[in-house]
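# Coordinate analysis (summary)
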Amino acid sequence: MSRSAHPAGPRHADVLTEGHYSAPAADLNVLDEKVWARTVTRDEDGALTVGGIAVARLAEEFGTPAYFLDESDFRARCRAWADAFGPDADVFYAGKAFLSRAVVRWLKEEGLNLDVCSGGELTTALDAGMPAERIAFHGNNKTVAEIERAVEAGVGRIVLDSFQEIVRVAHIAQRHGVRQRVQIRVTVGVEAHTHEFIATAHEDQKFGIALADGQAAEAVRRALSLDGLDLVGIHSHIGSQIFDMAGFEVSARRVVQLLAEVRDEHGIELPEIDLGGGLGIAYTSEDDPREPHEIAKALSDIVTRECEAAKLRTPRISVEPGRAIVGPTAFTLYEVGTIKPLEGLRTYVSVDGGMSDNIRTALYDAEYSVALVSRTSDAEPMLVRVVGKHCESGDIVVKDAFLPADLAPGDLIAVPATGAYCRSMASNYNHALRPPVVAVRDGEARVIVRRETEEDLLRLDVG
Ligand code: LLP
């Protein structure tokens, strides 16, 4: 799909292209466990339940649209990542995927660290009691005020993203009479997305300092020369929704090569290497993500092998999964409003949310699955496009999917794997009220981020 927009908005032809879809599943009532949170199942009446609660009850109590997050699944995924990497490595949950105070508490209890990338995320983390030393602060343009707060709070590390920032953080740390632990983010020349990785398109982007032309080596030189900084490692993040380890392999090799150069030039072995996040999840039944223990083993084997070859001590590895932890743990529940069959094309199913609660389809052409969840149905599958209620033809939630042909207004449908980057990228477009996030666990449901109200909108609009 073309991402270029007509000056007056997206051209309909761009949005309404032929889609990509495979044949309908043999039985549309079956919930593929790959894409649904772990406690999701159907009860004897055929309604979807999560944490033991049926969606009809959830819809009645919390309304739609709403995100329902399976807390025990979230916690289990945290433990799986922490166990897979073990005590000699660190897992930082990437808060940008979805952050709230409840999430921070879960992370703290399950032994994970937290990566934040803004003052707002930092405030949320500290307010919910995440120990500052377990927080890493990221971003390509942290403000002076944000750096001040991070240094004052005593965050465990700041990831330096530019030459200016090296000096800025050093000055601020010195002013506070501390040596701030920092890593330098480098761009390794690999940008990986899902199955492919592109070895040239990398440097032309805003993040990090290029390994090329000795720039990263120069950044290390400067960081080591400044009293306010304690340079502990090198950071790299190569992309999103990655299934293939080949990109990490190249990235790790290049980072280790830099560590070897640093040792040769300065006589020190930097003790940490962070390989970033980006590990993929299943959005549809066609996706095949790896388990955390496979990923941990692959990454640790790569780093160990490269370090042995370079005669370096193996540094402490850290990773920053966001999507892989929270993504699969939540689904968005919608109520069907209108149904429009377009002869010879597809049927448009309009729900009570849309691009304001899931911008990923419009923004990245992301693929999602959808299921009828308030009941089962034996009707024939029909090809549908699930769309929202916004004034935009690109307001698509699920581009191509199959739902039973007897779908009717008032039915509840759910889109799985919306835990990452849906609520966190939600907007008030058309003055939509951003949906709540409801945590469900062991038969209990509680709001962890409440639904916005019209008063919230009016409060911001000071007249
Ligand atoms: N670490 C760094 C430095 C990052 O920039 C990111 C994501 C992560 C970790 C976490 O990546 P994850 O494991 O969640 O894929 N909004 C987009 C993705 C942008 C991600 C930006 N950085 C989406 O909806 O797919």
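Just so you know, these numbers come straight off a predicted model, no measurement behind them. Within any chain, residue numbers begin from 1 and follow the written order of that chain's sequence. Thresholds applied to this predicted model are a pLDDT of at least 70 for local features of residues and 80 or more for the giving and counting of side-chain atom pairs; totals over whole chains, interfaces and linings are not thresholded and use all residues. Note that the side-chain values use all heavy atoms of the structure and ignore hydrogens as well as water.

### Focus on the UniProt feature "active site" (unreviewed entry) in the protein
Worth spelling out the cut-off: UniProt positions are given in the numbering used here, feature names are shortened, and annotations may be inferred rather than shown by experiment. Numbering of helices and strands runs from the N terminus, with a helix taken as a DSSP run of H or I at least four residues long and a strand as a DSSP run of E at least two residues long. Whether two residues are in contact is decided by their heavy atoms: any pair within 4.5 Å suffices.
Those residues carrying the UniProt feature "active site" (unreviewed entry) are C391 in this numbering. Looking at the element boundaries, C391 is found in the loop between β20 (381-387) and β21 (396-404). Among residues more than four places away in sequence, those in contact with C391 are Y429 and N430.

### Re the pairing of strand β16 (residues 316-319)
In plain terms, the rule: At least two bridges found by DSSP between two strands is the condition for calling them paired.
The pairing of strand β5 (residues 89-94) with β16 spans three bridges and is classified as parallel. Counted as the bridge partner of V91 is V319 from β16.

### Structural notes on the UniProt feature "domain: Orn/DAP/Arg decarboxylase 2 C-terminal" (unreviewed entry) in the protein
According to UniProt, the feature "domain: Orn/DAP/Arg decarboxylase 2 C-terminal" (unreviewed entry) maps to residues 332-419 in the numbering used here. Counted over residues 332-419, helix gives 6% and strand 45%. Its end C-alpha atoms are 8 Å apart.

### Here's the deal with the environment of A80
Looking at the secondary structure, you find A80 in helix α3 (residues 71-85). Along the primary structure A80 and D213 are separated by 133 residues, whereas in three dimensions their C-alpha atoms are 39 Å apart.

### Side note on the environment of S162
The topology assignment puts S162 in the loop between β8 (157-160) and α7 (163-175). When the C-alpha positions of S162 and P341 are compared, they lie 53 Å apart, and in sequence the two are 179 residues distant.

### Some details on the site of the ligand
Note the threshold: The near set for a molecule or strand comprises every residue that places at least one heavy atom within 4 Å of it. Nitrogen and oxygen atoms within 3.5 Å of one another constitute a polar contact, given that in protein one can donate a hydrogen and the other can accept it, and given that sequence-neighbouring residues count only through two side-chain atoms. For every accessible area listed, the method is Shrake-Rupley and the probe measures 1.4 Å; residues are considered covered only by the protein chains on display. For every domain, the bounds stem from an assignment made automatically or drawn from a database.
Looking at the ligand, there are 19 residues lining it, with G278, E320, R323, R360 and Y421 nearest. In this structure, G278 approaches the ligand through a main-chain N or O atom, which is 2.8 Å from an oxygen atom. Between a nitrogen atom of the ligand and a side-chain N or O atom of Y364, the distance comes to 2.9 Å. With the chains in place, 88% of the 580 Å² that the ligand exposes on its own is no longer accessible. Residues lining the shell around the ligand come from more than one domain, with at least three contributed by each of domain 1 (20-70 + 328-460) and domain 2 (138-321).

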